[in-house]
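Spelled out from the first residue to the last, the chains are:
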Amino acid sequence: MAETTDVVVAGGGVIGLAAAWETAGRGLSVRVVDPAPGHGAAWVAAGMLAPVTESTFGEEALAGLFVAAADRWPGFASRLQDATGSDTGFRTCGSVAVALDASDRAAIDQLLDHQLRLGLEASRLSASECRALVPALSPAVRGGALMPGDHQVDNRALVLALIEGCAGAGVKLTSDRVVSVSLDRDGAAAGVVTESGELFQAGTVVLAAGVGTPQIGGLPEGVVPPVRPVKGHTLRLRAEAGREAFPHTVRGLVHGRHCYLVSRADGTVVIGATSEERGYDTRVQAGAVHSLLDDARLLLPAVDEWELLECIAGLRPGSPDNAPFVGPTSVARLVVATGHYRNGFLLAPITAEAIAEHLTGGEIPAPLAAFRADRRVEAARSERPS
Ligand code: GLY
């Protein structure tokens, strides 16, 4: 039988890996079980850290969490870089939201007013101010807004650095899928059972398997919070070799459709993302690729000249109120961290801190404490368009 650890984490996406790394850093022994660590939704993501542009109507409670989460990023990225020597691509780049037609402009203005009422940092831009910030923008762009507090990380570099950081901190990585939680005779979590039939015993079980979390069995009904897959396609293109194509993330509204372009320092650009309710389906579909490219080239005509490197699709763990579930559950020694939906990267450091604090006898940080894993949420979903 495999050795027991203090903690076993089911799921090696950005949340599971960050939580494992923080927890191991506090002296606990940790195992992460995932069939392909870092290669689920975390690999598909664009790595936007966008507390302002992701703050929208009806989600006022999340805005404070997003800002507190963003504040953790510089320290988290530099600690990880110090521990591993790997550059995570964390950059303070800001977002420019741009509108393609008059009704897109009105929608951006309305959202800007809402974001300003929440105390977020943002300012209105004329069309020429948008083009001064991103010269490659189409002359058709009607204006927009600047959100200087939105940043980015290279999602793939980050998860690879976390895997390296975990290995350096003594975390055991097991390539397998958790199929159930094993309970002791008092009904407390005592370990996990994997697809290949192994039992990994642990003092505490952390379920951080994103959209796979509800598929983990062995638990009483209602313990695992309700998360659902929300499919997103992203595209990767090479604009310029070795030179960033434009300095800010572009968040476009294109005849009512959302589209973003995230420019990396190495000259690649990530275009995203669709938002589709199709269950557990990660096929890349021609129509989704077509509409993302079409919207992106209306915003930046130069897209036509870029090399298309990759089209990929993944599943965001959506929750009924678009907020995460983090913390202990009604089952003793069972902790959950899932439902991060569109903001897994933004929320990873604060979630990791919360899990590590909880596992070492501390408190979950205040901005996350409202988003308990055992809270009851209404089924009414607030849909996000992209
Ligand atoms: N965070 C952007 C997305 O989920 O598409």
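The following paragraphs examine the structure supplied in this document. Worth saying up front: this structure is predicted, and the values here are computed from it rather than measured. (Residues numbered from 1 in each chain as written. Predicted model: local features only at pLDDT ≥ 70, side-chain atom pairs only at ≥ 80, totals over all residues. Heavy atoms only, no water.)

Bringing the packing of helix H3 (residues 60-84) against helix H6 (residues 155-168) into the picture now. Where H3 contacts H6, the axes come no closer than 9 Å and their chain directions differ by 55°. Judged by the angle between their axes, H3 and H6 are oblique. In the crossing of H3 with H6, the sense of the turn from one axis to the other is left-handed. Between H3, through Trp73, Phe76, Leu80 and Thr84, and H6, the contact on the second element is made entirely by Leu158, Ala161, Leu162, Glu164 and Gly165. The residue makeup of the contact of H3 with H6, split by class, is 6 nonpolar, 2 polar and 1 charged. (Axes fitted to C-alpha atoms, helices over the stretch in contact; angles between N-to-C directions. Helix = DSSP H or I, 4+ residues; strand = E, 2+ residues; numbered from the N terminus. Parallel < 35°, antiparallel > 145°, perpendicular 65-115°, else oblique. Left-handed = near helix turned anticlockwise from the far one by under 90°. Contact = heavy atoms within 4.5 Å. Nonpolar A, V, L, I, M, F, W, Y, C, P; charged D, E, K, R; others polar.)

This part covers the site of the ligand. Close contacts around the ligand come from Met48, Glu54, Tyr260, Ala273, Arg316 and Arg342, and that covers them all. Arg342 is positioned with one of its backbone polar atoms (N or O) 2.6 Å from a nitrogen atom of the ligand. For the ligand, whose accessible area on its own is 200 Å², the fraction buried by protein is 87%. Of the residues belonging to the shell around the ligand, the class tally is 3 nonpolar, no polar and 3 charged. (Near = heavy atom within 4 Å. Polar contact = N/O pair within 3.5 Å; in protein donor to acceptor, adjacent residues only side chain to side chain. Areas by Shrake-Rupley, 256 points an atom, 1.4 Å probe, with all protein chains shown as cover.)

This part covers unusual backbone geometry. Here the bond from Gly272 into Ala273 is cis, since omega is -25°, no more than 30 degrees from zero. Mapped onto the elements, Ala273 comes out in the loop between strand S15 (268-272) and helix H7 (286-299). The phi angle at His255 is positive, at roughly 50°, despite the residue not being glycine. Checked against the element boundaries, His255 lands in the loop between strand S13 (249-254) and strand S14 (257-263). A relative accessible area of 46% means that His255 is categorised as partly exposed. (Buried < 20%, exposed > 50% of the residue type's maximum accessible area, 1.4 Å probe, protein only.)

Inspection of the secondary structure puts Arg278 in the loop between S15 and H7. A relative accessible area of 44% places Arg278 in the partly exposed class. Put simply, Arg278 and Asp184 are 94 residues apart on the chain and 36 Å apart in space, counted from C-alpha to C-alpha. Once residues lying within four places of it in the same chain are set aside, the contact partners of Arg278 are Lys231 and Gln285. Among the polar contacts listed, one links the side chain of Arg278 to the side chain of Glu276, at a separation of 2.7 Å.

With that out of the way, let us pick up the pattern of salt bridges. Summed over the entire model, instances satisfying the criterion amount to 22 salt bridges. Asp294 is paired through a salt bridge with Arg297; the nearest N and O atoms lie 3.2 Å apart. Taken together, the positions of Asp294 and Arg297, both in helix H7 and 3 residues apart, correspond to about one turn of that helix. The class for Asp294 is partly exposed, based on a relative accessible area of 27%. Taking the shortest distance from any N to any O, the salt bridge between Asp304 and Arg297 comes out at 2.6 Å. (Salt bridge = Lys/Arg side-chain N within 4 Å of Asp/Glu carboxyl O.)

Over its 12 residues, helix H1 (residues 14-25) extends 16 Å from the first C-alpha to the last, a length consistent with the 16 Å expected when each residue adds 1.5 Å. For H1, the buried fraction is high: 11 of the 12 residues fall into the buried class. Residues of H1 that are buried include every one of Val14, Ile15, Gly16, Leu17, Ala18, Ala19, Ala20, Trp21, Glu22, Thr23 and Ala24, and no others. Note on H1: the residue one or two positions beyond its end, Gly27, has a positive phi of about 95°. (Expected span 1.5 Å × (residues − 1).)

In sheet architecture, strand pairing relies on hydrogen bonds along the backbone and comes in two forms, parallel and antiparallel. Read across the sheet, 8 strands follow the order S5-S6-S4-S13-S14-S15-S12-S16 without closing on themselves; strand pairing throughout is mixed. In the strand order of this sheet, the two ends are held by strand S5 (123-125) and strand S16 (307-318), each with one partner. Each strand of the sheet is rotated relative to its neighbour by a mean of 20°, with strand direction disregarded. Sheet topology note: the S13/S14 ladder contains 5 bridges and is antiparallel. Note that in S14 the partner of Val250 across the bridge is Leu261. (Pairing = 2+ DSSP bridges.)

With that settled, the discussion passes to the packing of H1 against H6. As a packed pair, H1 and H6 sit with axes 9 Å apart at the nearest point and diverge in direction by 35°. Remark: the crossing between H1 and H6 carries left-handed chirality. Together, Val14, Leu17, Ala18, Ala20 and Trp21 of H1 and Leu158, Val159, Leu162, Ile163, Gly165 and Cys166 of H6 make up the contact between the two elements.

Another aspect to go through is the side chain of Arg31. In this structure, Arg31 sits in strand S2 (residues 30-33). A polar atom in the side chain of Arg31 sits 2.8 Å from the side chain of Thr174.

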